[in-house]
Each structure stands twice: as structure tokens, then as C-alpha cells.
Amino acid sequence: MFSPLHQTNQIKISDDSGFLAIVNSESYQSFVDEDWQLTQLVEHFVNEMNNKSLVIWSTGLPSIWVVSFVDRPIHKNPFREITSTIAVTEGKLYLTNFEDLSMSAQFEEVKIPAPHHTDLAITLENGLYNLTIRQLFDPQAYTFDPDGEVGFEIVVQKTLKETEKKEGIFWWTL
């Protein structure tokens, strides 16, 4: 079972497009179309969220982020937060970005995790989890932190109850 006391709970990831995601690489259906359009990709992401294979959100701006995985909130008063359900089927979830998701959407042979992101994983028992993504900063007032302060705290809780159906990417409008 996930425990921040028994594994590294902070992961650093680059984000050039302003989106991060957590993916079940075993159940996530990545390919969309060689010439996908943004509306197709967004619809695909929403379908995969509703299939409990993906949780994707807008960061508000591109940066290099430190994401902390915890079993209870550590930081207080997030700028905003959402909760979504994801299934763990092979003991791992991967943190990824829009660049990797869009490449795997365009090319059938490209899968998540990307080879350079195989280390961006958390290990969990198989089952359903509610992930509460807590954004710890206001993107309108953000300045890059070279020391890597935690930008997102992900509260991981095993559950039997799924969250509501998703209608779009969290914190983003087309």
C-alpha cells in the first residue's frame, strides 16, 4: 500500500504545455489518430478519465514541477483542489505531461510512460484510488522556484466509491 514513509514521495517533472497527468499505463488507451485535432484529444482524455485510467489537469502555466504524493494533506490551504478516481491494475501509476500524452496519441507504437519518464512512478496495491490534486500556488502570482518547492500535492486514498463522471480537463477550458 502507498506510504510516503516507505518510498520517495516527491517527483520532479518538466511541463512545457501547462498540463500534468497521472496514468495507469496498463489500462490507458493512448493512440488517437496520426492527425489528431485538439478537440479529439480532449475528448479522448475525458473518456480515459471516465474509464479510470487517467487524471489530467491544467497547471496554469508551464514550468518544472515538484509533485508530492502523500496519504493525507500536509500543506494547508491549497489554491484549488479536485478529486478523481483512478484504478491501479499492475501496482503502479505514472506521472506524465502533455508532451508524452500527445506523442502517444499520435503514434501507435509510443506508450506511456515515455522511456525518459519510467522513473516517474508510484507503487500502490491494485484497487481503486481517489486522487486529490491540490495546487499549492496561484498561477497568476507564480514565479519559478529553482529550489523546487512543491507545486502539487497529490493525496492518495484507497476507495470503494468512485467520483462523479468527468466532463473536461480539470482547471482548463477549450
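The shown structure was predicted, so the numbers you read here are calculated from the model rather than taken from an experiment.

Undergrad: Hey, could you run me through the overall build of the protein in this one?
TA: Counting secondary structure elements, the protein contains two helices and nine strands. Listed N to C, the secondary structure of the protein is β-β-α-β-β-β-β-α-β-β-β in terms of helices and strands. The globule rule puts the C-alpha radius of gyration for 174 residues at 16 Å, and the 15 Å found for the protein is close to it. Counting only C-alpha atoms and orienting by the principal axes, one finds that the protein spans roughly 40 × 35 × 30 Å. Taking all 174 residues of the protein together, 49% fall into the buried category.

Undergrad: What is the right way to read the packing of aromatic side chains from this model?
TA: For any pair of aromatic rings, the description rests on two quantities: the centre-to-centre distance and the angle between the ring planes. On inspection of all chains with the given rule, the structure shows nine aromatic pairs. Ring centres of Trp65 and Phe137 lie 4.9 Å apart, and the angle between their planes is 15 degrees; on these two criteria the pair is classed as stacked. Residue Trp65 is found in strand β4 (residues 63-70), and its partner Phe137 is found in the loop between β8 (127-135) and β9 (150-158); the two are separated by 72 residues along the sequence. Neither Trp65 nor Phe137 differs from the other in exposure class; each is buried. With a centroid separation of 5.4 Å and 80 degrees between ring planes, the pair formed by Phe137 and Phe152 is classed as edge-to-face. In this pair, Phe137 is assigned in the loop between β8 and β9 and Phe152 in strand β9, connecting sequence segments 15 residues apart. Cluster of aromatic residues (ring-pair linked, three or more members): Trp57, Trp65, Phe137, Tyr142 and Phe152.

Undergrad: What is the right way to look at the pairing of β9 in this model?
TA: One face of the sheet, then the other: side chains in a regular strand alternate in exactly this way. With seven of nine residues buried, β9 is to be regarded as a mostly interior element. In the sheet, β4 pairs with β9 via five bridges, with the strands oriented parallel. In the sheet register, Val67 faces β9, and the bridge partner there is Phe152. Both β8 and β9 contribute to a ladder of seven bridges, which runs antiparallel. Paired with Tyr129 across the strands is Lys158, a residue of β9.

Undergrad: I would appreciate a short explanation of helix α2 (residues 98-106) in the present structure.
TA: Every α-helix winds through 3.6 residues per turn, so residues three or four apart in the chain are directed the same way. Counting buried positions over the nine residues of α2 gives seven, a clear majority of the element. Listed as buried for α2 are Phe98, Glu99, Asp100, Leu101, Ser102, Ser104 and Ala105. The inward-facing, buried residues of α2 contact β1 (10-15), β2 (19-23), α1 (38-50), β3 (54-58) and β6 (92-97).

Reading the values: rules and limits
Residues numbered from 1 in each chain as written. Predicted model: local features only at pLDDT ≥ 70, side-chain atom pairs only at ≥ 80, totals over all residues. Heavy atoms only, no water. Helix = DSSP H or I, 4+ residues; strand = E, 2+ residues; numbered from the N terminus. Rg over C-alpha atoms; globule rule 2.2 N^0.38 Å. Buried < 20%, exposed > 50% of the residue type's maximum accessible area, 1.4 Å probe, protein only. Phe/Tyr/Trp six-rings, centres within 6.5 Å; stacked < 30°, edge-to-face > 60°. Pairing = 2+ DSSP bridges. Contact = heavy atoms within 4.5 Å.

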